[in-house]
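Analysis of the macromolecular model
One letter stands for each residue in the lines below.
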Amino acid sequence: MLLAEFDPPIFTEFFLKRIKSALGGNAYRFMQDSPTMATLREIGGDDAVFVTGSERLAGAFQHEHRRNSIDGVFFLFLLSTVDDRRLFALVKYDNDQVLKYDIADRDGQRRAILEEFRQTFSTKRESLQKIALVRLGEEDGELMVRDRSRPDGISEYFEKFLRVRRAATPAEFTKKAERVFKEVFRQHRADLDPDIVKGGARRINEQLRATREFGPETQGQLFDSIFGMLPDDSPVRKTFKRKLTAQRLDEETFRVDPTAIPKPSRKRIETIEGIQILFDEEVRNRIERRELDTGDTEIRITTARVTVDDDDALGRIGGA
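Residues numbered from 1 in each chain as written. Predicted model: local features only at pLDDT ≥ 70, side-chain atom pairs only at ≥ 80, totals over all residues. Heavy atoms only, no water.

1. Describing the pattern of salt bridges
A side chain with one charge may pair with a side chain of the opposite charge, provided their charged atoms come close. Taken as a whole and judged by the stated rule, the model has 18 salt bridges. With its nearest N and O atoms 3.5 Å apart, the salt bridge here joins glutamate 183 to lysine 243. Of this pair, glutamate 183 sits in helix 5 (residues 170-187) while lysine 243 sits in helix 9 (residues 235-246), and the two are 60 residues apart along the sequence. One continuous salt-bridge network, built from bridges that share partners, spans Arg29, Arg135, Asp140 and Glu142. (Salt bridge = Lys/Arg side-chain N within 4 Å of Asp/Glu carboxyl O. Helix = DSSP H or I, 4+ residues; strand = E, 2+ residues; numbered from the N terminus.)

This is how it looks when you write it as structure tokens:
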């Protein structure tokens, strides 16, 4: 059923709160041949076609959503920002079963009178099935999408209706997350426990590879497993949140691609005296460490032959 255009002046805050929730969604971009983008661009260029354009979108959405659909309402909102930019919000709301009660006097007794409502809009997060907040550019368009059925992405039929692609691949998102953790580690080495500093890069790689899904629900747990249980006001935690936001990962949800984090073949041991040992993983069994009663650590290397025993100066010949 198609309805006429309406302006919600009374319940503006209700709808704006629902629309703002899309800001915590996942980033997408329109494909160049997206019919939805073309229709939105047409509406944005001429307010007179808002009704006919929104009816085409509603029909297309219903066409893709015919199977196993829950009764509800499909909205198209045209929004204006303080800097006169136009945004679109496409919203699918599910109907909720709501029971309303009134108190009435019957036969000298106060009784609850129940009444059922089905065509309702609820503040419950679960009622907002899908939402896409759209900003059109000169040639393409950016979207923030939240899909209740696929928190880490978008359902197949909604993706087909919008004709979009993810702003980045799981591998690209994974590399961004790895970069954030390693930048935080390098910046706050002095603030971390020595045991964590000792194997920081390996710890980050291993914990990230072991994480199935990265998102707002798992970021804190992953942070703790890498950097330890730090207070909420820790400078390490603050830097982490700031860098996540800078990379637009603070609200993004994606499946971690373990293959995006290569296992380095080169290993390094460094002592407090400045001694460094570089070696490949396959010869690790030739390096033995033993804790002494004095508190020192003894490192023993077994080798078939020493090939270099020289001053480390060749690389600086001719330098100042």
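Here the narrative resumes, following the displayed structure.
2. Let's talk about the nonpolar core
Residues Phe181, Leu192, Phe214, Phe227, Phe240, Leu249 and Phe254 are the most contacted members of the largest nonpolar core, which totals 24 residues. Contributing elements (two or more residues each) for this core: helix 5, helix 6 (194-198), helix 7 (200-209), helix 8 (219-227) and helix 9. Per element, the largest residue contribution to this core is six residues, and it comes from helix 5. Non-local contacts of phenylalanine 181, meaning those with residues more than four positions away in its chain, are made with Ile204, Leu208, Phe214, Leu222, Phe223, Ile226, Phe227 and Phe240. Counting 22 residues, the second largest nonpolar core, distinct from the first, contains Leu40, Phe50, Phe88 and Ala132. (Core = buried A, V, L, I, M, F, W, Y, C linked by side-chain atoms within 4.5 Å. Buried < 20%, exposed > 50% of the residue type's maximum accessible area, 1.4 Å probe, protein only. Contact = heavy atoms within 4.5 Å.)

3. Some details on the pairing of strand 3 (residues 86-94)
For strand 3, the buried fraction is high: eight of the nine residues fall into the buried class. The pairing of strand 2 (residues 72-80) with strand 3 spans nine bridges and is classified as antiparallel. Bridge pairing in strand 3 places phenylalanine 77 opposite alanine 89. Hairpin connection of strand 2 to strand 3: five residues between the antiparallel strands, including aspartate 84 at a positive phi of 65 degrees. Pairing of strand 3 with strand 6 (residues 128-136), which is carried by six bridges, proceeds in the antiparallel orientation. Among the inter-strand pairings, valine 91 is bridged to a residue of strand 6, identified as isoleucine 131. (Pairing = 2+ DSSP bridges.)

4. Points about the side chain of aspartate 257
Position of aspartate 257 among the secondary structure elements: in the loop between strand 10 (254-255) and strand 11 (266-270). Here aspartate 257 occupies a buried position and makes no salt bridge, while the nearest side chain of opposite charge, arginine 209, is found at 9.3 Å. (Lys, Arg positive; Asp, Glu negative; His and termini not counted.)

5. Quick notes on the sheet that holds strand 6
Reading across from one edge, 2-3-6-7-1-8 is the order of the six strands in this open sheet, with antiparallel pairing throughout. The sheet terminates laterally at strand 2 and strand 8 (164-166), the two strands that pair on one side only. Direction aside, neighbouring strands of the sheet carry axes that sit 25 degrees apart on average. In this structure, strand 6 lies alongside strand 7 (residues 141-147), joined through seven bridges in antiparallel fashion. Looking at strand 7, one finds that alanine 132 is bridged to valine 145. Across the face of the sheet, helix 2 (residues 35-45) comes into contact with strand 1 (26-30), strand 2, strand 3, strand 6 and strand 7 while running at roughly 125 degrees to strand 3. (Axes fitted to C-alpha atoms, helices over the stretch in contact; angles between N-to-C directions.)

6. Digging into the layout of surface pockets
Taken as a whole, the largest pocket holds about 1400 Å³ of empty space. Considering the residues around the largest pocket, the lining is formed by 38 residues, among which Lys198, Gly199, Arg268, Ile269 and Glu270 are closest to the centre. Mapped by element, the contributors of at least two residues to the lining of the largest pocket are helix 5, helix 6, helix 7, strand 11, strand 12 (276-280), strand 13 (287-291) and strand 14 (297-301). Considering each element in turn, the lining of the largest pocket owes the most residues, six residues, to helix 7. (1 Å grid on protein atoms, 1.4 Å probe; cavity = no way out; pocket = protein on both sides within 12 Å on 5 of 7 lines; lining within 4 Å. Points joined across faces, edges and corners; volume = space filled by probe spheres on them.)

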